[in-house]
Each structure stands twice: as structure tokens, then as C-alpha cells.
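Analysis of the macromolecular model
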Amino acid sequence: DPNAKDTKPENNEYAPGDFSVIYDETNLKKIMLFYGEHSSEKIDCLSGKNQLCNFNVNLTPYDGKDIDYFFKIEDIAGNNDKSTKKGIKVDLTPPTFVTLNYTIEKHKVDFFIEVSEDNLKVTYNDNQSTFKTLCSDADMDKPCKKKKTFKIGEHNVTIKLEDKSGHTAEEDINFIIV
């Protein structure tokens, strides 16, 4: 009989539309993925032990929502096994800057950054250095407000927003500290 062993993504993970199942079945007929109110079917996955079957589906109708998914594996005799149902978060929209302001006072730069979604990491780099954290949890109603000290000279700074699903947005600013 078919055996659905493991599925990805994990519970409560952010998902862009990539799903996979590891299974055992010697005479596979088809694998179905049920997600939200939709389903997708594959008949070209391989029979055998510890096989992996990948699905990529369009989750646009569920952007910003939480949905459940599971797989159903069926053999040629009509036997089937369902995987454990898992709940995932769908986030397909990259974050955006609502406001990006800064003021310079001597060597200190005071950043004020408003963002378009919650739970964003705000980082910056100075003259192509590695990115450093400005704020780890900026929200729509909690802007990123931080003071940073810069050396005398010209600075080309990139500010980056990153959401939990890995989408990013960047803005470049330039200033001179005298």
C-alpha cells in the first residue's frame, strides 16, 4: 500500500508554491496535492521506496492568507494514503517602503522608516559592506527608528527590507558626513 512519509513545507512555514512529498509505493498511479480550495495531480512521479515528488502551484488566490494542504498517493489497485494535513502561510507580495527619512546630526544619522507589512527585518550596508541590522521587527504601526554613527566621508547606503518569506525591497541613499 502507498505510504506518504514526509511533506514540505512544514507547519506554519511561509510557502511560495513549492510542495514536495516523500513516499513509498511500488506501483504508483498518481499523486494529488490538495491546497486551500484547489488541487493538482501528477501521474509522472516514480514508483519505489523513498521517492520524492515535487509540485509547484500558483498560490496567488491565497496571498496573505493561511491555508492547509495534504497529499494523496494512489496505487494502480486503487489503494491510497493521505499525508498529515499541514497549515502554511502564503506571502507572495514583497514589502515596500512607505517612508524612508533620515536626518544627519554631526556623525549620527537618525533613520525613520515606515513599512508596508508586519514582521520585517530592516538592514543596511554602507559602501557595499555586509548588511547590518537596523530593526529586527518593523511593523506597519511600529516604524523602524534608529540612530547610527558614521565616519567622516561619503556614504552610499542601501536600506533593505526583508519579510519572513524572503522577499526583499531595497532603497539607496547617499550622504556626506563632514
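Residues numbered from 1 in each chain as written. Predicted model: local features only at pLDDT ≥ 70, side-chain atom pairs only at ≥ 80, totals over all residues. Heavy atoms only, no water.

**A look at the overall build of the chain**
Counting its regular elements, the chain contains zero helices and 16 strands. Taken over the C-alpha trace, the chain has a radius of gyration of 23 Å; the compact-globule value for 178 residues is 16 Å, which it surpasses by more than 25%. Across the 178 residues that make up the chain, the buried fraction comes to 39%. Per element, the accessible surface of the chain, about 10,200 Å² overall, is 45% carbon and sulfur. (Helix = DSSP H or I, 4+ residues; strand = E, 2+ residues; numbered from the N terminus. Rg over C-alpha atoms; globule rule 2.2 N^0.38 Å. Buried < 20%, exposed > 50% of the residue type's maximum accessible area, 1.4 Å probe, protein only. Areas by Shrake-Rupley, 256 points an atom, 1.4 Å probe, with all protein chains shown as cover.)

**Structural notes on the packing of aromatic side chains**
Scanning the model with the defined rule gives eleven aromatic pairs in all. Ring centres 6.1 Å apart and planes at 90 degrees place the aromatic pair Y69 and F71 in the edge-to-face group. For Y69, a relative accessible area of 0% corresponds to the buried category. Residue classification places F71 among the buried residues on the basis of a relative accessible area of 0%. Judged by centre distance (6.5 Å) and plane angle (35 degrees), the ring pair of F111 and Y124 falls under tilted. Placement of the pair is F111 in strand β11 (residues 108-115) and Y124 in strand β12 (residues 120-126), with a sequence separation of 13 residues. Of the two residues examined, F111 and Y124, each falls in the buried class. Every member of this aromatic cluster is reached through a ring pair, and the members are F19, Y35, F55, Y62, Y69 and F71. (Phe/Tyr/Trp six-rings, centres within 6.5 Å; stacked < 30°, edge-to-face > 60°.)

**A short note on the pattern of salt bridges**
Counted according to the given criterion, the structure contains nine salt bridges. Between K30 and E41 there is a salt bridge, with the nearest N and O atoms lying 3.6 Å from each other. Here E41 lies in strand β5 (residues 38-42) and K30 lies in strand β4 (residues 28-35), a separation of eleven residues in the sequence. By relative accessible area, which is 17% here, K30 ends up buried. (Salt bridge = Lys/Arg side-chain N within 4 Å of Asp/Glu carboxyl O.)

**Regarding the side chain of E25**
Secondary-structure assignment places E25 in strand β3 (residues 18-25). K49 provides the closest opposite charge to the buried, unpaired E25, separated from it by 9.0 Å. From its side chain, E25 meets the backbone nitrogen of N27 in a polar contact 2.6 Å long. Setting aside its immediate chain neighbours within four residues, E25 contacts D1, P2, S47, G48, I73 and D75. (Lys, Arg positive; Asp, Glu negative; His and termini not counted. Polar contact = N/O pair within 3.5 Å; in protein donor to acceptor, adjacent residues only side chain to side chain. Contact = heavy atoms within 4.5 Å.)

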